[in-house]
Structure formats: C-alpha cells, structure tokens
Amino acid sequence: MSETANNADLVGKKIFFLHPTVVVQNRIITELVQQEYEVYVAKNKDSIKKVLRKYPDSILFIDINEHMPEKEWDLWITAVMEASDTKSASIGIITANEDEQIKRKYLLVTKVPCGYTILRFDLEKAITHIMAVLHNVNAKGRRKYIRATTEHETNTTMNMPWHGNFINGHIKDISVVGISCTLDSNPDIPKNTLCKDIQIKLQSSLLKVEGIVLGSRKSGLDTVYVILFTQRIDPEVRIKIRKYIQHNLQSKMEFDLR
C-alpha cells in the first residue's frame, strides 16, 4: 500500500464538490459536515486537477448540469480518471438528470467509482445515497472527528474562570470533542480538573462549554492545555463548531483552489 493510501486510511479523504448548486451546498454539504466528513467546495475545473494531484485519493463529486455540456464533461472526467497523476481520485456524479441512458453510461461504461446520485425532490434519499457511497470508499478512514488548527488566527480566543478570576487564552486547534489552548500566565491546572463556564470565541460566534483538562505540555515558554468537552455541551454548540471548522478548512484550501 502506498504512503498516501496509508495516510488516507488513517486520517480520511478530502471530499470535493465541483460546481455545487445552492441546494447541494445548503443541504447536502451541510449535512456531511455535521456527520464529520471533510468537505470542500470547488468552482474551477482546472484548479481542481491541481488539488487532486496534491491530495491523492480524494473524492470528487461533479454536477454535470453545471458549466459544460454533458459531452464535454465526459471528456473531462475520462481524462481525470486516466491521467497518471489524478487517477487515484474517486469520482461521483451528482445531477438532476434522470435519463437512464446517461446514468448507465457513467456507471457501466465510464465506471465512476462514487456512483450517480440524482437530485430531485427527495433530498434525504440523495443524502443517504451519498453517505453510503462515502462509507463504502472509507472516506473517514480511522478518524472520528474533523479538527481545525487555529493558532495563527486572532479571532479564536477563549476565557474561563479560575480561582475567582477570568483568565484569557488562545485556541490552537479545535474539534467537536475538545480544544488545545494556551492560557495567559500559564496557570497550574491539574489533570482531570473540571472547568465550567468556558467561553469560546470562533470569529463572530461566542459559545459556552465546559470541559475536563486531559493534560498539558510545554511548548517553548507556554503551556499547552488539552481540554475535553463534557457530554453536557449544547447540541447547537456542536453544530456551530462543525460549521466553523468547515469554514476554516475551506479558507485554507482556497489557496490551492485558485
């Protein structure tokens, strides 16, 4: 097994939607993000080839109703599937076209590995189908949760009560299950300490959580604390954290998608 395949098995695969409609972005991508898939929006068929070279074993869903006639999509998809530097990508079709001949062509002739999903009135059925496809290609790998690094962002901060005062901190990374962070003055917080009323700022969102200190480590002059959220976290907070993580990752991916 190749090194990239090993890595994908460990941390999962990146999922790209090329030219997704508003409906796909608002319903399907939103749902996949909440199911902890690493999802990106791409709007340029030329730059996505560069991305597929950089991130082998990625998954690419294409809306063949958008931007090009079907025959041109045929040529483009075939070229991606046959090129030595992009053929490890797994392609799927998303379309409102219910033409049985077109569907059979992509499934039986072109043989796209991630199927042919029809988007009509039953979007829940389409979401279920896409999630089954992603499960079959092991899109998550052994990773359970998506994490975003935030240490260079000024708007990802936190504060929490400690010994009668509030201490400020900066988030280094975040997932829906916890954060790692630095705190002003590097207080000595013992392992397994329950920290209540933690306020987390993710850009414009202010969220309230509680967590247990899993441990800490030195990083230069700072102490990095790992805080695991408790099960009492509000479900709406989890939704907002996942949305933030997807936005964070998309922003970083935009450099490659130019």
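See above for the structure.
Worth saying up front: this structure is predicted, and the values here are computed from it rather than measured. (Residues numbered from 1 in each chain as written. Predicted model: local features only at pLDDT ≥ 70, side-chain atom pairs only at ≥ 80, totals over all residues. Heavy atoms only, no water.)

**Student:** Help me out: how do you make sense of the overall build of the protein in this one?
**Tutor:** Per the secondary structure count, the protein includes 7 helices and 12 strands. Along the first, second and third principal axes, the C-alpha atoms of the protein reach 70 × 40 × 30 Å. When the 258 residues of the protein are sorted by exposure, 48% land in the buried category. Relative to all contacts within the protein whose residues are 6 or more apart in sequence, the contacts with residues 24 or more apart total 64%. Accessible surface computed for the protein: about 13900 Å², of which carbon and sulfur atoms make up 50%. Looking at the protein, you have 36 positive and 31 negative side-chain charges, and the mean spots of the two groups are 3 Å apart. (Helix = DSSP H or I, 4+ residues; strand = E, 2+ residues; numbered from the N terminus. Buried < 20%, exposed > 50% of the residue type's maximum accessible area, 1.4 Å probe, protein only. Contact = heavy atoms within 4.5 Å. Areas by Shrake-Rupley, 256 points an atom, 1.4 Å probe, with all protein chains shown as cover. Lys, Arg positive; Asp, Glu negative; His and termini not counted. Charge placed at Lys NZ, Arg CZ, Asp CG, Glu CD.)

**Student:** Can you walk me through the pairing of strand β12 (residues 222-229) in this structure?
**Tutor:** Walk down a regular strand and you will see the side chains alternate between the two sheet faces. As judged from the 5 bridges shared by strand β9 (residues 178-183) and β12, these two strands associate in the antiparallel manner. Within β12, the residue paired with Cys 181 across the bridge is Tyr 225. The sheet contact formed by strand β11 (residues 205-219) and β12 spans 8 bridges and is antiparallel. Looking across to β12, one finds that Gly 215 is bridged to Val 226. Between β11 and β12, which pair antiparallel one after the other, the connecting turn spans 2 residues, and Gly 220 there sits at a positive phi close to 65 degrees. (Pairing = 2+ DSSP bridges.)

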